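Fold and geometry: a report
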Amino acid sequence: MEQHSRTDVYSDRYAARAAGMVPSEIRALFAMVARPEIVSLAGGAPYVSALPLDAVGRMLGDLVAGKGAEMLQYGSAQGDELLREHICEVMSLEGVQASPDDVVVTVGAQQALDLVTKIFVNPGDVVLAEAPSYVGALGTFASYQADVVHVPLDEGGLVPSALRETLASLRAQGRSVKFLYTVPTFQNPAGVTLTTARRAQILEICAEYDILIVEDNPYGLLGFDADPMRALRADDSERVIYLGSFSKTIASGLRVGWVLAPHAVRAKLVLAAESAILCPSNFSQLAVREYLATQPWREQIKDFRELYRARRDAMLDSLDQLMPDGCTWTRPAGGFFVWLTLPEGLDAKAMAPRAIADRVAYVPGTGFYADGTGHQHMRLSYCFPEPHRIREGVRRLAGVIEKEIGL
Ligand code: PMP
């Protein structure tokens, strides 16, 4: 773990947990790649301009006129009840049957991750996470001094046999595993999806070892080809804590997400939320509630899917055409990301400044591993740039990689 900065004169005063709070590589990179001449395949921001902003603006105006006093007031720590009912309706699209009473509204799924980690993890406890894993989750786990143990994934998602081996070995060492953290559908950063057969196996293994599963599912409704996958939570309501978000299906700036948990855990989460923020924003919650009640949100999600599918196609087509031999990449069926593996011996982290000099940015794989490995990989996102920019970005990237190989 990195130590406190020597230039920070307060460094001797911080709590031990602050040592795990270091800037992610992604944040540092974003500052550099904001220049318009750079094609950024680095960011994971949803394309919110595709929302019908005029209609949303009118809806918000009417809402403030009618319910302004409620919107601008404190709310309950658990979140607005009618919104929680809508959330249950949204989750039913993935086979989840839930009571609004077991849902806690959070400030994005990120706060849900924070609260779940806060109530379960003592310093040194093991959290299992896919290799690679969502960088924001790794940051949260580090801030609570968890010991992240990675379990490999492949094109079919988390590998069940590897999970079983890891659990057996940790049990033999007498280590306490608090939960398995997984993004089963359209994973960030790998773009892969856990197969139906593996879903059953993962649930079975976690039942055998009696560990909880934290299912983080912000991309589940953004599939390009088929109906939504059945969530893990749909098949085990006592073992799975489900995290959801409106960041990708409505708008990330509203900062509305949620956690669905077994009843007793839900009560603890509400207390944790209360001490963290008193209550989530009533303004945002009522905006989301009204949007779900009055706007054609299912059609809007369909439009988002079409938009992202076209961008995914632009990225995969240009990768197929332009990438030099020896590079491999995943073929996402939804979500925002492609995971590219460089030929043996190449290092995506070392190459990043040379790519930026050639006006293309990506996120080196190292940010997605708690142990700092992952040098041979990079995350490419297709969610934000227009298709022609994606093609140009891949063309530039292929050129950079060719130079590295010495072609
Ligand atoms: N989990 C995953 C896998 C994500 O990709 C993200 C956002 N990039 C989040 C959680 C956090 O999302 P939010 O807080 O915006 O809901």
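Refer to the structure printed above.
Bear in mind that the values here come from a model prediction, so they are computed numbers and not experimental data.

1. Description of the overall build of the protein chain
- In terms of regular secondary structure, the protein chain is built from 13 helices and 14 strands.
- For 407 residues, the compact-globule estimate of 2.2 N^0.38 gives 22 Å, and the protein chain sits close to it at 21 Å.
- The C-alpha extent of the protein chain, read off along each of the three principal axes, is 65 × 55 × 55 Å.
- For the protein chain, restricting intrachain contacts to residue pairs at least 6 apart in sequence, the fraction spanning at least 24 positions comes to 75%.
- Distance between charge centroids for the protein chain: 3 Å, based on 39 positive and 49 negative side chains.

2. Observations regarding helix H3 (residues 81-92)
- Taking 1.5 Å of rise per residue, 12 residues should cover 16 Å, and H3 covers 17 Å from first to last C-alpha, within 8% of that figure.
- For H3, every residue scored as buried is listed here: Leu83, Arg84, His86, Ile87, Cys88, Val90 and Met91.
- Looking at the packing, one finds that the buried side of H3 touches strand E2 (103-106), strand E8 (240-245), strand E9 (257-260), helix H10 (282-294) and helix H11 (297-322).
- You can read the cap of H3 off the contacts: a side-chain oxygen lies 3.2 Å from the backbone nitrogen of Leu82, and it is on Asp80.

3. A few points about the sheet that holds strand E6 (residues 177-182)
- Read from one edge to the other, the open sheet built from eight strands follows the order E2-E9-E8-E7-E6-E3-E4-E5, with strand pairing classed as mixed. Only two strands of the sheet have a single neighbouring strand rather than two, namely E2 and strand E5 (157-158).
- Sheet analysis places strand E3 (residues 126-131) next to strand E4 (residues 147-154), joined by six bridges and oriented parallel. Bridging across to E4, Val127 finds its partner in Val148.
- Contacting E2, E8 and E9, H3 crosses the sheet at an angle of about 105° to E2.

4. Some points on the layout of surface pockets
- Estimated volume of the second largest pocket: approximately 290 Å³.
- If you trace the second largest pocket, you find 18 residues lining it, with Leu221, Ala226, Asp227, Pro228 and Arg305 closest to the centre.
- A per-class count over the lining of the second largest pocket returns 10 nonpolar, three polar and five charged.

5. Here we look at the site of the ligand
- If you check the shell around the ligand, you find 13 residues, and the closest are Asp216, Tyr219, Ser245, Ser247 and Lys248.
- Measuring from an oxygen atom of the ligand, one finds a backbone N or O atom of Gln110 at 3.0 Å.
- Against a free-state accessible area of 400 Å², the protein chains account for coverage of 90% of the ligand.
- At the level of secondary structure, the elements contributing two or more residues to the shell around the ligand comprise helix H4 (108-120) and helix H8 (247-251).
- The leading source of residues in the shell around the ligand is H4, at three residues.
- Split into classes, the residues belonging to the shell around the ligand amount to five nonpolar, five polar and three charged.

6. Examining the packing of aromatic side chains
- By the definition in use, this model includes 12 aromatic pairs.
- Pairing Tyr219 with Phe337 gives two aromatic rings, centres 5.9 Å apart and planes at 85°, and the pair type is edge-to-face. Of this pair, Tyr219 sits in the loop between strand E7 (212-216) and E8 while Phe337 sits in strand E11 (residues 337-341), and the two are 118 residues apart along the sequence. The pair Tyr219 / Phe337 is uniform in exposure class, with both members buried.
- Ring centres of Trp339 and Tyr369 lie 6.4 Å apart, and the angle between their planes is 35°; this geometry places the pair in the tilted category. You can see Trp339 sitting in strand E11 and its partner Tyr369 sitting in the loop between strand E13 (363-364) and strand E14 (377-381), a full 30 residues away along the chain.

7. Quick word on the sheet that holds E14
- Across the sheet, which stays open at both edges, the four strands sit in the order E10-E11-E14-E13 with antiparallel pairing between neighbours. Each edge of the sheet is formed by a strand with only one pairing partner; in this case those strands are strand E10 (328-329) and E13.
- As defined by bridge partners, E11 adjoins E14 across five bridges and the pair is classed as antiparallel. Across the sheet, Leu340 pairs through a bridge with Met378, a residue of E14.

8. So, the side chain of Lys248
- Relative to the helices and strands, Lys248 is located in helix H8.
- One buried charged side chain, Lys248, makes no salt bridge at all; its nearest oppositely charged neighbour is Asp216, positioned 7.7 Å away.
- When neighbours within four sequence positions are excluded, Lys248 is seen to be in contact with Pro46, Pro218, Tyr219, Leu222, Phe304 and Phe336.

9. Examining empty space enclosed by the protein
- Evaluation of the coordinates by the stated rule reveals four cavities of 30 Å³ or more.
- What the largest cavity holds in volume is close to 90 Å³.
- Val90, Asn217, Leu221, Ser245 and Trp258 are, among the 13 residues lining the largest cavity, the residues nearest its centre.
- Considering every element that reaches the lining of the largest cavity, the biggest residue donor is E8, with three residues.
- Across the lining of the largest cavity, the residue classes tally to seven nonpolar, five polar and one charged.

10. Some thoughts on the pattern of salt bridges
- Scanning the entire structure with this criterion turns up 19 salt bridges.
- Between Arg175 and Asp147 there is a salt bridge, with its nearest N and O atoms 2.9 Å apart. Taken together, the residues Arg175 in the loop between helix H6 (160-172) and E6 and Asp147 in strand E4 connect sequence positions 28 residues apart.
- A residue is classified by how much of its surface remains accessible, and Arg175, at 30% relative accessible area, is partly exposed.

11. Some thoughts on the nonpolar core
- Grouped together as the largest cluster of nonpolar side chains are 64 residues, with contacts concentrated most on Phe246, Leu319, Met323 and Leu380.
- With eight residues, H11 is the single largest residue contributor to this core.
- The contacts of Leu380, once residues within four sequence positions are left out, are Leu41, Met315, Leu319, Phe336, Phe337, Val338, Leu340, Tyr362 and Leu397.
- One finds Val127, Val148, Phe179 and Tyr181 within the second-largest nonpolar core, a separate group that totals 28 residues.

What counts, and where the lines are drawn
- Residues numbered from 1 in each chain as written.
- Predicted model: local features only at pLDDT ≥ 70, side-chain atom pairs only at ≥ 80, totals over all residues.
- Heavy atoms only, no water.
- Helix = DSSP H or I, 4+ residues; strand = E, 2+ residues; numbered from the N terminus.
- Rg over C-alpha atoms; globule rule 2.2 N^0.38 Å.
- Contact = heavy atoms within 4.5 Å.
- Lys, Arg positive; Asp, Glu negative; His and termini not counted.
- Charge placed at Lys NZ, Arg CZ, Asp CG, Glu CD.
- Expected span 1.5 Å × (residues − 1).
- Buried < 20%, exposed > 50% of the residue type's maximum accessible area, 1.4 Å probe, protein only.
- Polar contact = N/O pair within 3.5 Å; in protein donor to acceptor, adjacent residues only side chain to side chain.
- Pairing = 2+ DSSP bridges.
- Axes fitted to C-alpha atoms, helices over the stretch in contact; angles between N-to-C directions.
- 1 Å grid on protein atoms, 1.4 Å probe; cavity = no way out; pocket = protein on both sides within 12 Å on 5 of 7 lines; lining within 4 Å.
- Points joined across faces, edges and corners; volume = space filled by probe spheres on them.
- Nonpolar A, V, L, I, M, F, W, Y, C, P; charged D, E, K, R; others polar.
- Near = heavy atom within 4 Å.
- Areas by Shrake-Rupley, 256 points an atom, 1.4 Å probe, with all protein chains shown as cover.
- Phe/Tyr/Trp six-rings, centres within 6.5 Å; stacked < 30°, edge-to-face > 60°.
- Salt bridge = Lys/Arg side-chain N within 4 Å of Asp/Glu carboxyl O.
- Core = buried A, V, L, I, M, F, W, Y, C linked by side-chain atoms within 4.5 Å.

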